[in-house]
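# Residue-level structural notes
Below are the chains, spelled out letter by letter.
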Amino acid sequence: MPIHPYSRDLHTVGQLRVMERAALAALGISGQELMRRAASAALSSLRRHWPQLQQICIHCGPGNNGGDGFLLGVLAREAGLQVELVALSAAAHGDAALARAAWEAGGGKVQLWDIDGVLPAAELHVDALYGIGLNRAPEPAAARLIEQINHSGRPVLALDVPSGLNTDSGDCPGVAIRASVTVTFIAGKRGLHTGRAADQVGVLELATLGVPDSLYAATSPDAQLLVAAALPPRPRYANKGDNGHVLVIGGEHGMAGAARLAGESALRAGAGLVSVATRAGHVFALNAARPELMAHGVDGPQTLMPLLERASVLALGPGLGQASWGHALWLTALDANKPLVLDADGLNLLAREPRRFTVPAVMTPHPGEAARLLGVATREIERDRFAAARELAKRYAAVVVLKGVGSLVADPDGRLDVCPWGNPGMASGGMGDLLTGVVAALLAQGCSAWRAACLGVGLHARAGDLAAQRGERGLLASDLLAPLRELGNGMSGCGRDT
Ligand SMILES: NC(=O)C1=CN([C@@H]2O[C@H](COP(=O)(O)OP(=O)(O)OC[C@H]3O[C@@H](n4cnc5c(N)ncnc54)[C@H](O)[C@@H]3O)[C@@H](O)[C@H]2O)[C@H](O)CC1
Ligand SMILES: [K+]
């Protein structure tokens, strides 16, 4: 499928409603015609993915998503497919009522669903239950139907949004359709790229329904997808001093590996020099494991100060712990007022002693750390990841990477990008330490906090996808170090680099 020039743009439901009205005016067509175009795009997607299909069952909800389903039934029957149709409600309104009338006028039957209903046999199920209008968990009868569709063992084509997935947040308040393919209409949607989306959306296709580019150009999206990018090329005459000096501060007893991983990934992402301030007992092991790291034993502010003076960027927090040693280093490091990446216990200490940053700063919380920083339950973060990332960035005057499936990058002015790469194999110890080192290295090479966070998140996730090509289970953080270097030098990711 050709990539649409505005396929990076992600919108909210409110923006989509405005776009839909503007599209109708710009195209001079009726809502019914727009719905027919949606149905036609859905039929094309169905034929492309399942060309041999003969028999489908379409499940229609009470609104216009259901209307798309009724018109798909009309077009599919005209194309010679056998079509069963299940409806959640006895009647429809507006354009959906016209669509239902068109289905029934051609002899189409409607099986009215109830909680004891039996799912009709079909080679493929089409989910036209709820689209952007879903505003709460599906009712019991609809939930039962969704569960039966999910357990049917048959592929599912979702129209616009997999039913049960919140279009704005990517959260699922209840059960949700697990789609094989989702064909979404007119424009990209925030909730299709973060939170629970990865398990519900399947292959995602955008059908623009003939909406003119001018309309996209006139609509500033709420967020955008990150684009794959290599690091800026290096001048030939560069020397190690030109590429910055990262100081990793962390590695409390039992957590030396965190500091090492952050230091090594900073090297692999191109930092000129990397020092590690850690417990004295870890120095020998760190030097033996990676002699390119300059490991120093520090016992408090006095021994940390000279290292802070030589560093251009700090990576504060990997394995730092929250005890007196870590806390004393944390206070001294923040008082140095150097550009920094704050992660792990560096964030947990900030939650205890909040402050706004006045230097370029990138915070990299996972949802639990974000919850502590905002003083809310983790569930609240997942309920609206976009709002949480933006609130953190504004409150701490930092660029924030809210990690998770579909990591978000937000800046204090509200700008937000979404990472489309990564995989469940990356949910393992040390992956966050790697990201900290990469972002610190990019800051050290002169990137702004925003660009260091966006580039770093993209490189890290693409390296994870590359490393997971031989399996996600058992993926180790250090497996990403080689791909990080390749991708940083612009080699093809072989992964999902679109
Ligand atoms: N985006 C576009 O430009 C196009 C959109 N079309 C399709 O229309 C739907 C949006 O339709 P809408 O009627 O606004 O809402 P839904 O069909 O998604 O939802 C139906 C209706 O259900 C109610 N509702 C919400 N949540 C629940 C719930 N959990 N249980 C019961 N009822 C619920 C709510 O009142 C909704 O109004 C869009 O997704 C597209 O598929 C056009 O047809 C094509 C272009
Ligand atoms: K749907």
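Residues numbered from 1 in each chain as written. Chains lettered and ligands numbered in written order. Predicted model: local features only at pLDDT ≥ 70, side-chain atom pairs only at ≥ 80, totals over all residues. Heavy atoms only, no water.

### Section: the overall build of the chain
For clarity, the cut-off: In this description a helix means any DSSP run of H or I spanning at least four residues, a strand means any run of E spanning at least two, and both kinds are numbered starting from the N terminus. Computation of the radius of gyration draws on C-alpha atoms alone. For the globule rule, the value is 2.2 Å times the number of residues to the power 0.38. A 1.4 Å probe rolled over the protein chains alone gives each residue an accessible area, and that area as a share of the maximum for its type sets the label: buried under 20%, exposed over 50%, partly exposed in between. Whether two residues touch is decided by their heavy atoms; if any such pair falls within 4.5 Å, the residues are in contact. Here the accessible surface of atoms and residues is derived via Shrake-Rupley with a 1.4 Å probe, and residues count as covered only by protein chains that are part of the display.
A tally of helices and strands in the chain yields 18 helices and 19 strands. In terms of overall size, the chain behaves like a compact globule, its C-alpha atoms giving a radius of gyration of 26 Å where 498 residues would be expected to give roughly 23 Å. In terms of overall dimensions, the chain has C-alpha extents of about 85 × 45 × 40 Å along its principal axes. For the chain, the residues scored as buried account for 56% of the 498 residues in total. The contacts in the chain between residues at least 6 apart in sequence include a share of 70% that link residues at least 24 apart. Surface exposure of the chain reaches about 19,800 Å², of which carbon and sulfur atoms provide 53%.

### Digging into the pattern of salt bridges
What counts here: For this analysis, a salt bridge means a side-chain nitrogen from Lys or Arg found within 4 Å of a carboxyl oxygen belonging to Asp or Glu.
What the rule picks out here adds up to 20 salt bridges. In this structure, Asp 171 and Arg 379 form a salt bridge, with 2.9 Å as the shortest nitrogen-oxygen distance. Highlighted residues: Asp 171 in the loop between strand 6 (156–159) and strand 7 (181–185) and Arg 379 in helix 14 (residues 378–383), separated in sequence by 208 residues. We classify Asp 171 as buried; its relative accessible area is 9%. By relative accessible area, which is 38% here, Arg 379 ends up partly exposed. When the shortest N-O distance is used, the salt bridge between Arg 385 and Glu 382 registers 3.7 Å.

### A closer look at the sheet that holds strand 1 (residues 9–11)
Put simply, the rule reads: Strands qualify as paired when DSSP identifies two bridges or more between them.
An order of 8-1-10-19-18-17-16-15-14-11-12-13 is seen for the 12 strands of this open sheet, with the pairing classed as mixed. Single-partner strands in this sheet number two, and they are strand 8 (188–189) and strand 13 (294–297). Sheet topology places strand 12 (residues 273–278) next to strand 13; 4 bridges connect them, and they run parallel. Counted as the bridge partner of Ser 275 is Met 294 from strand 13.

### Concerning the packing of helix 10 (residues 301–310) against helix 11 (residues 324–335)
Helix-helix packing is characterised by the crossing angle of the two axes and by the distance between the axes. Put simply, the rule reads: Between the N-to-C directions of two axes lies an angle of 0 to 180 degrees, each axis being a line fitted to C-alpha atoms and, for a helix, fitted only over the stretch in contact. A clockwise turn of the near helix away from the far one marks a right-handed crossing, whereas an anticlockwise turn of less than a right angle marks a left-handed crossing.
Helix 11 packs onto helix 10 with a crossing angle of 35° between their chain directions and a minimal axis gap of 10 Å. Crossing geometry of helix 10 relative to helix 11 is assigned as right-handed. Across from Pro 301, Leu 304, Met 305 and Leu 308 in helix 10, the residues of helix 11 making contact are Ala 328, Leu 329, Thr 332 and Ala 333.

### A word on the packing of aromatic side chains
Defined as follows: Centres within 6.5 Å make a pair out of two Phe, Tyr or Trp rings, where for Trp the six-membered ring is used; the pair is then stacked when the planes are under 30 degrees apart, edge-to-face when over 60, and tilted otherwise. A ring is scored as having a charge over it whenever the NZ atom of a lysine or the CZ atom of an arginine sits within 6 Å of its centre and within 35 degrees of its normal.
If you walk through the whole model with that rule in mind, you get 1 aromatic pair. Between Arg 355 and the ring centre of Trp 330, over which it is positioned, the NZ or CZ distance is 5.6 Å. A cation sits over an aromatic face here: Arg 462 above Trp 421, 5.7 Å from the ring centre.

### A closer look at the UniProt feature "domain: YjeF C-terminal" (unreviewed entry) in the chain
What counts, and what does not: UniProt positions are given in the numbering used here, feature names are shortened, and annotations may be inferred rather than shown by experiment.
Residues given the UniProt feature "domain: YjeF C-terminal" (unreviewed entry) here are residues 223–491. End C-alpha to end C-alpha, residues 223–491 measures 27 Å, and it is 43% helix and 14% strand.

### With respect to the domain arrangement of the chain
The figure often quoted for interface size is the accessible area lost as the parts come together. Note the threshold: In this entry, domain limits derive from an automatic or database-based domain assignment. Put simply, buried area is how much 1.4 Å-probe accessible surface two parts lose in total, over both of them, once they are put together. Three classes are used: nonpolar for Ala, Val, Leu, Ile, Met, Phe, Trp, Tyr, Cys and Pro, charged for Asp, Glu, Lys and Arg, and polar for all others, with Gly counted as polar.
Split into domains, the chain comes out as domain 1 (9–223) and domain 2 (240–488). Summarising the inter-unit geometry, the C-alpha centres of domain 1 and domain 2 are found 40 Å apart. Of the residues lining the interface, 11 residues belong to domain 1; the matching set on domain 2 comes to 13 residues. Counting each side, the surface lost to burial between domain 1 and domain 2 is near 940 Å², with a carbon and sulfur contribution of 51%. Summed over the shared surface of domain 1 and domain 2, the result is 3 salt bridges. Here Arg 190 makes a salt bridge to Asp 384, at a shortest N to O gap of 3.6 Å. Of the residues contributing to the side of domain 1 that touches domain 2, the split by class is 3 nonpolar, 4 polar and 4 charged.

### Observations concerning the UniProt feature "binding site: K(+)" (unreviewed entry) in the chain
To keep it simple, the criterion reads: Identification of polar contacts relies on pairs of N or O atoms within 3.5 Å, with a donor-acceptor requirement for protein atoms, meaning one able to donate a hydrogen and the other able to accept it, and with residues adjacent in sequence counted only if both atoms are side-chain atoms.
Sites flagged by UniProt as "binding site: K(+)" (unreviewed entry) map to Asn 65, Asp 127 and Ser 163. Spanning 99 residues, the named residues nonetheless gather at one spot, since no C-alpha pair among them exceeds 9.5 Å. Topologically, Asn 65 is positioned in helix 3 (residues 64–78). Residue classification places Asn 65 among the buried positions, given a relative accessible area of 8%. One polar contact links the side chain of Asn 65 to the main-chain amide nitrogen of Leu 129, over a distance of 3.3 Å. Not counting residues within four places of it along the chain, the set of residues in contact with Asp 127 comprises His 59, Asn 65, Val 156, Leu 157, Ala 158, Leu 159, Val 161, Pro 162, Ser 163 and Ile 177. Here Leu 129 takes part through its backbone nitrogen, which lies 3.0 Å from a polar atom of the side chain of Asp 127.

### Looking at helix 12 (residues 345–352)
Extensive coverage of helix 12 is indicated by the burial of 6 of its 8 residues. In this fold, the buried residues of helix 12 make contact with strand 14 (313–316), helix 11, strand 15 (340–342), strand 16 (361–363), helix 13 (367–374) and helix 15 (385–396).

### Observations regarding the coordination of the potassium ion (ligand 2)
Here is the rule we go by: Atoms are scored as donors when they are N, O or S and lie within 2.8 Å of the metal, with 3.2 Å used for Na, K and Ca; no water is included, so coordination may look incomplete.
At this site the potassium ion (ligand 2) is bound by Asn 65 (OD1), Asp 127 (O), Asp 127 (OD), Tyr 130 (O), Leu 159 (O), Val 161 (O) and Ser 163 (OG), with donor distances of 2.6 to 3.2 Å. All donor residues of the potassium ion (ligand 2) come from one chain, and their arrangement in sequence is N-x61-D-x2-Y-x28-L-x1-V-x1-S.

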